[in-house]
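What follows is each chain in one-letter form.
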Amino acid sequence: MTGAYLSADSDLHTKGLMLTAFGGLVLSVDIPLILLAKGEPWTILMLRTGTTFIVALAVWFIWRILKGNAPALIPGKTGLAVAVLYGLSSITFITAVFNTSTANLVFILAFNTVFAALLSWGFLKERPRPVTFAAMALMVVGVLIIVGDGAGSGNLFGDIIALISTFFLASAITISRASGRDMGFAALMGVILPFSVAAFMVAGTTGIQVEAPWWIILNGAVIIPIAFFCLANGPKYISAPEVAMFYLLETILAPIWVWMIFAEVPSRNSLIGGTLLIVTLIAHSLWQIAHGRKRRAAAMVRHPT
């Protein structure tokens, strides 16, 4: 029987990996769609979050009518905390998009893994292994290279905001992991905060300024709901650092899409720091996969069905 439980745990882990991998892949087109819209930041944030909220609410109502078992939109105080953190991350993310390069932003977002590991250690008592500590040290070096380059190129503010956005995301992932609850809709309901702030700014100062609104509406109506729902549900099945690592897909792919569409070439130091981050994350991910397989195999030997 123990073997059967181990097999079930393995299936859930695989489900979590597939869910978050898909979410990370979808999220990789977020920044290109923001840039294609060619708008003022507050307008972009308002349209992006507003469409996300409408679609999420519509899906929840349809789910509830058809099946009757739709998860709570915001599950208690924990869900509220997760929603607020995702909301704050949306504000800081859009701010960073317009104040630093795409490469710098997504490379710094990869630091999500370090924050998630440290938060999980401090609050969930999931102590990182020595290999993870070594990986985090290399990633800190990579981020320092990028931020140092940003100070010289006028992107320091954007880089710092990107780092803050990363911390908000890692905090939301860690709290979701600790609760073990379905946070897919909580992440989507979190857009109420940035939408309210953006709508206030648009109405009071900037007005609606966007050349191609269909791109940002596509982003808010399709890309963000799918990506956030998948990534926010990942912590139910896998650890917070593992979820954070799937943001690596955006780190790798977003600069490629932006380079292909806008010919935006990263600086030399950004590429050096980003390469260090990516290589470290890939190596650590492969180690985790191999270690997990060995551990499950050893458990099956000790506890056969």
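Quick note: structure is the one above.
Calculation rules
- Residues numbered from 1 in each chain as written.
- Predicted model: local features only at pLDDT ≥ 70, side-chain atom pairs only at ≥ 80, totals over all residues.
- Heavy atoms only, no water.
- Salt bridge = Lys/Arg side-chain N within 4 Å of Asp/Glu carboxyl O.
- Helix = DSSP H or I, 4+ residues; strand = E, 2+ residues; numbered from the N terminus.
- Buried < 20%, exposed > 50% of the residue type's maximum accessible area, 1.4 Å probe, protein only.
- Phe/Tyr/Trp six-rings, centres within 6.5 Å; stacked < 30°, edge-to-face > 60°.
- Patch = residues over 30% accessible without salt bridge, like charges linked within 9 Å, V, L, I, M, F, W, Y side chains within 5 Å.
- Areas by Shrake-Rupley, 256 points an atom, 1.4 Å probe, with all protein chains shown as cover.

S.K.: Looking at this model, I keep getting lost on the pattern of salt bridges. Mind explaining?
M.R.: Any two side chains of opposite charge can pair, given that their charged atoms come close. The full count for this structure, using the stated rule, is one salt bridge. Residue R48 pairs with D30 through a salt bridge whose shortest N-O separation is 2.8 Å. Remark: D30 occurs in helix 2 (residues 30–37) and R48 occurs in helix 3 (residues 41–66); sequence separation between them is 18 residues. In this pair, the class of R48 matches that of D30, namely buried.

S.K.: What's the story with the packing of aromatic side chains in this structure? I'm lost.
M.R.: For any pair of aromatic rings, geometry is given as the distance between the ring centres together with the angle between the planes. Applying the stated criterion to the full structure yields six aromatic pairs. Where W60 meets F61, the ring centres are 5.2 Å apart and the plane angle is 75°; that geometry is what we call edge-to-face. For F61, a relative accessible area of 44% corresponds to the partly exposed category. Considering the side-chain rings of F115 and F167, the 5.4 Å spacing of their centres and the 85° angle between planes classify their relative orientation as edge-to-face. Of this pair, F115 sits in helix 6 (residues 112–124) while F167 sits in helix 8 (residues 156–179), and the two are 52 residues apart along the sequence. Relative accessible area serves as the criterion here: at 16%, F115 is assigned to the buried category. Overall, the relative accessible area of 36% leaves F167 in the partly exposed class. Members of the aromatic cluster, joined through ring pairs, are W63, F185 and F229.

S.K.: Would you take a moment to explain unusual backbone geometry for this structure?
M.R.: Where the residue is not glycine, phi is negative for most of them; where a peptide bond is considered, it is trans in most cases. With phi around 50°, K38 is a residue other than glycine that occupies positive phi space. The residue K38 is located in the loop between helix 2 and helix 3 in this model.

S.K.: Help me out: how do you make sense of a nonpolar patch on the surface in this one?
M.R.: On the surface, a nonpolar cluster with roughly 550 Å² of combined accessible area is contributed by F22, W214, W215, L218, V222 and I226. Of the residues forming the nonpolar patch, the biggest block, five residues, is contributed by helix 11 (residues 213–233). Along the polypeptide, I226 turns up in helix 11. A residue is classified by how much of its surface remains accessible, and I226, at 33% relative accessible area, is partly exposed.

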